[in-house]
Amino acid sequence: NYVIVGLGDGRVLVKRAETLDTVLSFSVAQDGTDSKRRDNDVTALGVHERSSRLLTGTRGGQLALWDLENGGDAVMRFSPHKSSIVAVQCDEAKCVSASTDGEVRISHTASGARLYSLDGHSRFIGTLQFDEHKLMCDGTGALLLVHDFSAPKNHREIL
């Protein structure tokens with residue numbers, strides 16, 4: 001059991017839950033970039049439930065997928081947003097991210113290619129969750145949106 005923390009200085013710490021001893025520490029800054037830049041601040045974390053992968057989002061709109069079993073090596077990096085990422089989740093097929101630009105992006109996990117883009121949310125998106133067929137997110141005032149990927153195109157429910 002572990003606790004994973006993303007920090008404002010661009011570092012990610014993996015700690016044992018029982019002792020809080022640091023097991024792994026790495027920076028999200030790309031090699032050759034200034035790790036002190038605010039664009040590297042870690043603003044969102046998502047752990048892949050069935051693997052040792054971690055998805056991070058930054059203030060600069062960058063996503064990175066990390067392999068925690070291999071010392072925190074970056075598997076892939078891509079920039080689906082132009083502003084701060086506030087929520088992320090991933091599985092074997094897709095990485096989903098929400099940003100203060102009011103957009104939710106669904107990207108292919110292996111390549112980072114954009115699969116879908118959901119625009120029109122406010123900049124106050126706070127959370128998102130998905131399963132195999134549905135994506136739930138806020139960011140439209142007092143509404144919770146449910147996007148059904150198994151339904152016909154342009155179908156959505158508002159709760």
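Residues numbered from 1 in each chain as written. Predicted model: local features only at pLDDT ≥ 70, side-chain atom pairs only at ≥ 80, totals over all residues. Heavy atoms only, no water.

*Asks:* Just to check I follow, could you spell out the overall build of the protein chain for this structure?
*Replies:* Counting secondary structure elements, the protein chain contains 0 helices and 15 strands. Counting the 159 residues in the protein chain, one finds 43% classified as buried. The contacts in the protein chain between residues at least 6 apart in sequence include a share of 30% that link residues at least 24 apart. Per element, the accessible surface of the protein chain, about 8700 Å² overall, is 48% carbon and sulfur. (Helix = DSSP H or I, 4+ residues; strand = E, 2+ residues; numbered from the N terminus. Buried < 20%, exposed > 50% of the residue type's maximum accessible area, 1.4 Å probe, protein only. Contact = heavy atoms within 4.5 Å. Areas by Shrake-Rupley, 256 points an atom, 1.4 Å probe, with all protein chains shown as cover.)

*Asks:* Help me understand unusual backbone geometry in this model?
*Replies:* Phi is mostly negative for residues that are not glycine, and the peptide bonds are mostly trans. The phi angle at Leu20 is positive, at roughly 60°, despite the residue not being glycine. Within the element layout of this structure, Leu20 appears in the loop between strand S2 (11-16) and strand S3 (22-27).

*Asks:* Just checking my understanding: could you explain the nonpolar core for this structure?
*Replies:* Most often, soluble globular proteins keep nonpolar side chains buried together rather than apart. Listed in full, the 11 residues of the largest apolar core are Ala87, Val96, Ala98, Val104, Ile106, Leu118, Ile125, Leu128, Phe130, Leu135 and Cys137. Sorting the residues of this core by element identifies strand S9 (94-99), strand S10 (104-108), strand S12 (128-130) and strand S13 (134-140) as the ones contributing at least two each. The contact partners of Ala87, leaving out residues within four places of it in the chain, are Ala44, Val96, Ser97, Ala98, Gly126, Thr127 and Leu128. (Core = buried A, V, L, I, M, F, W, Y, C linked by side-chain atoms within 4.5 Å.)

*Asks:* I tried to follow the sheet that holds strand S7 (residues 73-78) on my own but got confused; where do I start?
*Replies:* In a beta sheet, neighbouring strands pair by backbone hydrogen bonds and run either parallel or antiparallel. If you walk across this open sheet you meet the 4 strands as S4-S5-S6-S7, and the pairing is antiparallel. Either end of the sheet is taken by a strand with one partner, and the two such strands are strand S4 (42-47) and S7. In this sheet, neighbouring strand axes are inclined to one another by 20° on average, regardless of whether the strands run parallel or antiparallel. One ladder, built from 5 bridges, connects strand S5 (residues 53-58) with strand S6 (residues 63-67); its direction is antiparallel. Paired with Leu55 across the strands is Leu65, a residue of S6. (Pairing = 2+ DSSP bridges. Axes fitted to C-alpha atoms, helices over the stretch in contact; angles between N-to-C directions.)

*Asks:* Help me understand the state of the cysteines, please; the structure alone is not making it clear to me.
*Replies:* Here the structure, examined in full by the defined rule, presents 0 disulfides. Cys95 provides the cysteine sulfur closest to Cys90, a residue in no disulfide bond, and the two sulfurs are 5.0 Å apart. (Disulfide = S-S within 2.5 Å.)

*Asks:* Which parts of the structure should I look at to understand the sheet that holds strand S1 (residues 2-6)?
*Replies:* Pairing is antiparallel in the open sheet, where 3 strands are placed in the order S1-S2-S3. Only two strands of the sheet have a single partner each, and these edge strands are S1 and S3. Each neighbouring strand pair of the sheet contributes to a mean axis angle of 10°, computed without reference to strand direction. Sheet topology places S2 next to S3; 5 bridges connect them, and they run antiparallel. Across the sheet, the residue bridging to Lys15 is Thr22, located in S3.

*Asks:* What is the right way to look at the environment of Ile85 in this model?
*Replies:* With respect to the secondary-structure elements, Ile85 resides in strand S8 (residues 85-90). Exposure remark for Ile85: the relative accessible area of 0% places this residue in the buried category. For the pair Ile85 and Ser97, spaced 12 residues apart in the sequence, the C-alpha separation amounts to 6.8 Å. Aside from chain neighbours lying at most four places away, what touches Ile85 is Thr43, Ala44, Gly57, Thr58, Gly61, Gln62, Leu63, Ser97, Ala98 and Ser99.

*Asks:* Whenever I open this one, the pattern of salt bridges confuses me. Can you help?
*Replies:* Pairs can form between side chains of opposite charge once their charged atoms are near each other. Within this structure, the stated rule accounts for 4 salt bridges. For Arg59, the salt bridge goes to Asp41, with nearest N and O atoms at 3.0 Å. Taken together, the residues span a long stretch of sequence, with Arg59 in the loop between S5 and S6 and Asp41 in the loop between S3 and S4 at a distance of 18 residues. Exposure remark for Arg59: the relative accessible area of 35% places this residue in the partly exposed category. Glu103 serves as the salt-bridge partner of Arg105, at 2.4 Å between the closest nitrogen and oxygen. For the pair Arg105 and Glu103, one class covers both residues: buried. (Salt bridge = Lys/Arg side-chain N within 4 Å of Asp/Glu carboxyl O.)

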